[in-house]
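Survey of secondary and tertiary structure
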Amino acid sequence: MSAAKDQLLKHLKGGEAFASLESFIDKIPFEKLGERPYQLPYSFYELFYHVVFAQKDIVDYAISSEYKAPNWPDDYWPERLAPESMEAWDNLKKEYFDNRVLLEKFLLDPKNELNNPVINSEEHSLFREVLLVIEHTAYHTGQMLIILRLLGLYK
């Protein structure tokens, strides 16, 4: 594996320059997932849903020949403040980690060069798409940690 791919993989998993989702995703009780702290326009669930959806969209864009662009911004945000059930919450978390593993495997495949365009673009490289997932996740990870702090669940 190249040094660049190794470094990207570490950042993709989090914990380098920002907290990994694994380090705090289970710190919030189910009952608090839909709570919007004072004057914030989103709940923990809404942000996490957005991260999951955006990651899946980017992964599909990068690797699927059947990719169809979702409607921005409507498809990228949930209709509800909280998941319908604990099962729905668990499924959303599983979807996030399953899609991240899919991207990790695609990134590590020796056939996939970082600087080559992805399947659905002539100008966007694999490097760009992986960075997009990393940056987007990092941005919203910070917001989720702020929500946890405002709810008194993280120090």
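Residues numbered from 1 in each chain as written. Predicted model: local features only at pLDDT ≥ 70, side-chain atom pairs only at ≥ 80, totals over all residues. Heavy atoms only, no water.

This brings us to the packing of aromatic side chains. Enumeration over the complete set of coordinates arrives at eleven aromatic pairs. Here Tyr-49 and Phe-53 contribute two aromatic rings whose centre-to-centre distance is 6.3 Å and whose plane-to-plane angle is 15 degrees, an arrangement assigned as stacked. Here Tyr-49 pairs with Phe-53, and both are found in helix H2 (residues 44-63), just four residues apart, close to one helical turn. Tyr-49 gets classed as partly exposed once you look at its relative accessible area, which sits at 22%. Taking 5.0 Å as the distance between ring centres and 70 degrees as the angle between the ring planes, the aromatic pair formed by Trp-72 and Tyr-76 counts as edge-to-face. Judged by relative accessible area, which is 10%, Tyr-76 ranks as buried. By the ring-pair criterion, three or more aromatic residues cluster together here, those being Phe-24, Phe-44, Tyr-45, Phe-48, Tyr-49, Phe-53, Trp-72, Tyr-76, Trp-89, Tyr-96 and Phe-97. (Phe/Tyr/Trp six-rings, centres within 6.5 Å; stacked < 30°, edge-to-face > 60°. Helix = DSSP H or I, 4+ residues; strand = E, 2+ residues; numbered from the N terminus. Buried < 20%, exposed > 50% of the residue type's maximum accessible area, 1.4 Å probe, protein only.)

By size, the foremost hydrophobic cluster in this structure holds 20 residues, and its most contacted members are Phe-24, Phe-44, Phe-48, Trp-89 and Met-144. Sorting the residues of this core by element identifies H2, helix H3 (86-108) and helix H4 (126-150) as the ones contributing at least two each. Counting residues per element, this core draws most heavily on H2, at six residues. With residues up to four places along the chain from it excluded, the contact list for Phe-44 reads Phe-24, Ile-25, Ile-28, Leu-33, Glu-35, Trp-89, Met-144, Ile-147 and Leu-148. Core analysis: the second largest hydrophobic core is formed by 16 residues, Leu-8, Leu-9, Val-59 and Tyr-61 among them. (Core = buried A, V, L, I, M, F, W, Y, C linked by side-chain atoms within 4.5 Å. Contact = heavy atoms within 4.5 Å.)

A word on the packing of H3 against H4. Between H3 and H4, the shortest axis-to-axis distance is 11 Å and the interhelical angle comes to 150 degrees. In terms of axis orientation, H3 runs roughly antiparallel to H4. Here H3 runs over H4; the crossing is left-handed. Across the interface between the two elements, Tyr-96, Leu-103, Phe-106 and Leu-107 of H3 pack against Leu-126, Val-130, Val-133 and Thr-137 of H4. Tallied by class, the residues present in the contact of H3 with H4 amount to seven nonpolar, one polar and no charged. (Axes fitted to C-alpha atoms, helices over the stretch in contact; angles between N-to-C directions. Parallel < 35°, antiparallel > 145°, perpendicular 65-115°, else oblique. Left-handed = near helix turned anticlockwise from the far one by under 90°. Nonpolar A, V, L, I, M, F, W, Y, C, P; charged D, E, K, R; others polar.)

Scope: geometric values only; no functional claims are made or implied.
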